[in-house]
Amino acid sequence: QVQLVESGGGLAQPGGSLRLSCAASGTIFSILHMNWYRQTPGKQREVVATITSGGSTNYADSVKGRFTISRDNAKVYLQMNSLKPEDTAVYYCNAVHTFFKTNYWGQGTQVTVSS
């Protein structure tokens, strides 16, 4: 019942910035905890940033100070600054229903950091 649609991926220069967006439909957005994950070939999908329905945030150590997760009444965002080549990955939007604890995933969007 929940569909996540991502946008904003692409190519960035080292030190550059990208802003990812994820729009959720099919449920009341405010009852979802939202997360961003990323995955590179040969590695497990890892959590990058999380934000609860109440607005509390957490970040992976590798991105803390560079990435910012935020949300409004319709979307969740990942502002990525000071990008490094090691940030290259497929980034996935993830939503968790606060009551049912069910997970929903976006389609993934490629982020490539290269000169």
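As the structure is a computational prediction, the values presented were derived from the model and not from experiment.

Focus on the overall build of the protein
- The secondary structure content of the protein amounts to 0 helices and 11 strands.
- Reading the protein from its N end, one meets helices and strands in the order β-β-β-β-β-β-β-β-β-β-β.
- In terms of overall size, the protein behaves like a compact globule, its C-alpha atoms giving a radius of gyration of 13 Å where 115 residues would be expected to give roughly 13 Å.
- Seen through its C-alpha atoms, the protein measures out along the principal axes to roughly 40 × 25 × 20 Å.
- Residue pairs at least 24 apart in sequence account for 54% of intrachain contacts in the protein once pairs closer than 6 positions are excluded.
- Carbon and sulfur atoms make up 49% of the accessible area of the protein, which totals about 6,000 Å².
- Separation between the mean location of the 10 positive side-chain charges and that of the 6 negative ones in the protein comes to 4 Å.

A few points about the nonpolar core
- L4, M34, V76, L78, M80 and Y91 are the most contacted members of the largest nonpolar core, which has 29 residues in total.
- Secondary-structure elements contributing two or more residues to this core are β3 (18-25), β4 (32-39), β5 (46-51), β7 (67-71), β8 (75-80), β9 (89-97) and β11 (109-113).
- Look past the residues within four positions of L4 in its chain and what remains in contact with it is C22, A23, A24, M34, C93, N94, A95, Y104, W105, G106 and Q107.

A word on the side chain of R38
- Relative to the assigned elements, R38 resides in strand β4.
- A polar atom in the side chain of R38 sits 3.3 Å from the side chain of S62.
- At 2.9 Å, the side chain of R38 forms a polar contact with the side chain of Y91.
- Apart from the residues within four sequence positions on either side, R38 is in contact with Q44, R45, E46, V48, S62, V63, F67, E86, D87, A89, V90 and Y91.

Overview of the state of the cysteines
- Within the structure shown, the criterion is met by 1 disulfide.
- Between C22 and C93 runs a disulfide, and the two sulfur atoms are separated by 2.1 Å. Torsion about the S-S bond of the C22 and C93 cystine: about -85°, corresponding to left-handed handedness. In this pair, C22 sits in strand β3 while C93 sits in strand β9, placing the two residues 71 residues apart along the sequence.
- Judged by its relative accessible area of 0%, C93 falls in the buried class.

Here we look at the pairing of β3
- Bridging between strand β1 (residues 3-7) and β3 involves 5 bridges; their strand directions are antiparallel. Bridging from a neighbouring strand, E6 pairs with C22 of β3.
- As judged from the 6 bridges shared by β3 and β8, these two strands associate in the antiparallel manner. The residue of β8 that forms the bridge with L18 is M80.

What counts as what
Residues numbered from 1 in each chain as written. Predicted model: local features only at pLDDT ≥ 70, side-chain atom pairs only at ≥ 80, totals over all residues. Heavy atoms only, no water. Helix = DSSP H or I, 4+ residues; strand = E, 2+ residues; numbered from the N terminus. Rg over C-alpha atoms; globule rule 2.2 N^0.38 Å. Contact = heavy atoms within 4.5 Å. Areas by Shrake-Rupley, 256 points an atom, 1.4 Å probe, with all protein chains shown as cover. Lys, Arg positive; Asp, Glu negative; His and termini not counted. Charge placed at Lys NZ, Arg CZ, Asp CG, Glu CD. Core = buried A, V, L, I, M, F, W, Y, C linked by side-chain atoms within 4.5 Å. Buried < 20%, exposed > 50% of the residue type's maximum accessible area, 1.4 Å probe, protein only. Polar contact = N/O pair within 3.5 Å; in protein donor to acceptor, adjacent residues only side chain to side chain. Disulfide = S-S within 2.5 Å. Pairing = 2+ DSSP bridges.

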